[in-house]
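Observations on the three-dimensional arrangement
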Amino acid sequence: FLFKGKPCHGRPPPSRSCCRFAPSLLCSAAGSHDCLFCQLRNPWQEHLKEACKTPELYLQHLQCLRGQRSAKAHPASASRRVQRLAHDGADETVRAPAVIIGGGRVGEALAAMGSGDDLVVRRGEPFPGSAPSGPIYVCTRNDALKDVIDMTPAERREDLVFIQNGALLPFLEAELGGATKFTVLLVYFAVAKKGDPPLDGKTDTDPDGLSAVGASGKWAGAVATRLKKAGLACRVLEDQEFTKAYWEKNIWIAAYMLVGALSGSGTSVGDVESSHRSEVDDLIKELALAVEGANAGIKWDLDPLCEKLAAYARSVAHFPTAVKEFEWRNGAFYSLTTAAETAGLQDPCPLHTAGLKKIGALPAAA
């Protein structure tokens, strides 16, 4: 590198413009946004040091630069360009080694999708002191989530990627805070047993796949890239579309599992779709309307929604049905019931409440 025509010998340039290479690597709005490198006191020297240590952060900085230059040249399209840079799943981001907490079917499948340098943390093991700086995939049961969050260092919690079924968001926001950019993946692929390749949940109504990740999550792009490199679909959805997809999956679980439980032991998801379609569609419509009433901006065309969820049921027809993990699944809709009753209003989910009562799944105090 040259400083006034002479070698710099690794010394930081005394100003932004004296080294002809440094200006291209310094952001024009240093210190005014979230890019780590832009806020360093000795940017050029620190670039060299940090680029060797954490290449994914260096990539993030280059993306930051590209976004700023684009914003100057094309203000109208700058926001869309920055979103693509952050979430388009560039090859470099998927190479960032990950921590995978949980060594079950999905945990092993996610590790197999990586580059071989992920670190798997199994049940009962502490968070590793030398953990890779990439995403932290949480592949545990829902009842272990609080313990996982508690053992994760505070500065690493924005790296957490949650893949569990159920209405996770209220719990995660309470535990992590609304400002933490944790990532949530809606999983529509299945792993039959450990070591098997995952089967994608593509359907006749959604042939491009249903799995989705929230675009506001820090590692949304890396998650999508990891799945796509394994041949699995993954959509990156902005906030409102992601919230809608999040509720669609929770409606599917609550409705198909409850109707299956009401239909008798041994009823599969396919049995519900083929033999109890009118009952499950009525329940889906009821739950969807209740969600619409509690979430401004969410609206469904109900008949296509029922068909979309039925198509997914056909793709996993062999799955058994059971009402379980009440707090995370049907409990999310029962909470709408209790909130309405507390306010002196009618139950927005009477079919759902009656079904839960019939199978004895309501909380003891209900």
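Structure first, text after, so check above.
Our subject in this report is the structure included herewith. Note that this is a predicted model, so its numbers are computed, not measured.

Some remarks on the environment of tryptophan 300
- Its location among the elements puts tryptophan 300 in the loop between helix 11 (277–294) and helix 12 (302–315).
- Residues tryptophan 300 and leucine 289, spaced 11 residues apart in sequence, show a C-alpha to C-alpha distance of 8.3 Å.
- Dropping the residues within four chain positions of it, tryptophan 300 is found in contact with Lys244, Trp247, Glu248, Ile251, Ala288, Val291, Glu292 and Leu305.
- In this structure the side chain of tryptophan 300 is engaged in a polar contact, spanning 2.8 Å, whose partner is the side chain of glutamate 248.

Description of the environment of leucine 172
- Inspection of the secondary structure assignment puts leucine 172 in helix 7 (residues 169–176).
- Those residues in contact with leucine 172, other than ones at most four positions away along the chain, are Ile149, Phe162, Gly177, Phe182 and Val184.

Looking at the nonpolar core
- Core analysis: the biggest nonpolar cluster contains 64 residues, and Phe162, Ile251, Trp252, Tyr256, Ile284, Trp300 and Phe333 have the highest contact counts within it.
- The element best represented in this core is helix 9 (residues 239–262), accounting for 13 residues.
- In this structure isoleucine 251 touches Ile284, Leu287, Ala288, Val291, Trp300, Leu309 and Phe333, once residues within four positions along its chain are discounted.
- In this structure, Ala98, Tyr137, Ile163 and Val187 belong to the second largest nonpolar core, which totals 23 residues.

Thoughts on the pattern of salt bridges
- Considering all chains together, one arrives at 20 salt bridges under this definition.
- As a salt-bridge pair, aspartate 281 and arginine 277 come within 2.9 Å of each other at their nearest N and O atoms. Here aspartate 281 pairs with arginine 277, and both are found in helix 11, just four residues apart, close to one helical turn.
- On the basis of relative accessible area, aspartate 281 is assigned to the buried category, the value being 14%.

What to know about the packing of aromatic side chains
- The final tally for this structure, using the stated rule, is eight aromatic pairs.
- Where tyrosine 188 meets tyrosine 312, the ring centres are 4.8 Å apart and the plane angle is 85°; that geometry is what we call edge-to-face. Of the two residues, tyrosine 188 sits in the loop between strand 7 (183–186) and strand 8 (212–214) while tyrosine 312 sits in helix 12, which places them 124 residues apart along the sequence. Across the pair, tyrosine 312 and tyrosine 188 agree in class, each one buried.
- Note on tyrosine 246 and tryptophan 247: the rings are 5.4 Å apart at their centroids and 75° apart in plane angle, and the pair reads as edge-to-face. As far as burial versus exposure is concerned, tyrosine 246 and tryptophan 247 are alike and both buried.
- Within the aromatic cluster, the residues linked to one another by ring pairs are Tyr188, Trp252, Tyr256 and Tyr312.
- Between the NZ or CZ atom of lysine 249 and the centre of the ring of tyrosine 188, over which it lies, the distance is 4.9 Å.

Quick look at the sheet that holds strand 5 (residues 136–138)
- Taken in spatial order, the seven strands make up an open sheet running 4-3-5-6-7-8-9, and their pairing is mixed. A strand with exactly one partner marks an edge of an open sheet, and here the two such strands are strand 4 (119–121) and strand 9 (235–237). Each strand of the sheet is rotated relative to its neighbour by a mean of 25°, with strand direction disregarded.
- Bridge analysis of strand 6 (residues 160–162) against strand 7 gives two bridges, and the strand direction is parallel. Within strand 7, the position partnered with phenylalanine 162 by the bridge is valine 184.
- Strands strand 3 (99–101), strand 5, strand 6, strand 7, strand 8 and strand 9 of the sheet are contacted by helix 8 (residues 220–229), whose axis makes an angle of about 30° with strand 7.

So, how was this worked out
- Counting starts from 1 at the beginning of each chain's written sequence and moves along it residue by residue.
- Only residues with pLDDT of at least 70 get local features here, since the model is predicted, and only at 80 or more are side-chain atom pairs given and counted; chain-wide, interface and lining totals rely on the full set of residues.
- To get the side-chain values, all heavy atoms of the structure are used, and hydrogens and water are removed first.
- Secondary structure elements follow DSSP: runs of H or I no shorter than four residues count as helices, runs of E no shorter than two count as strands, and numbering proceeds from the N terminus.
- Contacts are assigned to residue pairs that have any heavy atoms within 4.5 Å of one another.
- Counted as a polar contact is a pair of N or O atoms within 3.5 Å, where, for protein atoms, one must be capable of donating a hydrogen and the other of accepting one, and residues adjacent in sequence contribute only when both atoms are in side chains.
- Here, nonpolar core refers to any group of buried Ala, Val, Leu, Ile, Met, Phe, Trp, Tyr and Cys residues whose side-chain atoms link them within 4.5 Å.
- Relative accessibility thresholds used throughout: buried, under 20% of the residue-type maximum; exposed, over 50%; partly exposed, between the two (1.4 Å probe, protein chains only).
- Just to be clear on terms, a salt bridge is a Lys or Arg side-chain nitrogen sitting within 4 Å of an Asp or Glu carboxyl oxygen.
- Within 6.5 Å between ring centres, the rings of Phe, Tyr and Trp (the latter by its six-membered ring) count as paired, and their orientation is classed by plane angle as stacked under 30 degrees, edge-to-face over 60, tilted in between.
- Placement of a positive charge over a ring is assigned whenever Lys NZ or Arg CZ falls within 6 Å of the ring centre and within 35 degrees of the normal to the ring plane.
- Note: two strands are recorded as paired if DSSP finds a minimum of 2 bridges between them.
- Between the N-to-C directions of two axes lies an angle of 0 to 180 degrees, each axis being a line fitted to C-alpha atoms and, for a helix, fitted only over the stretch in contact.

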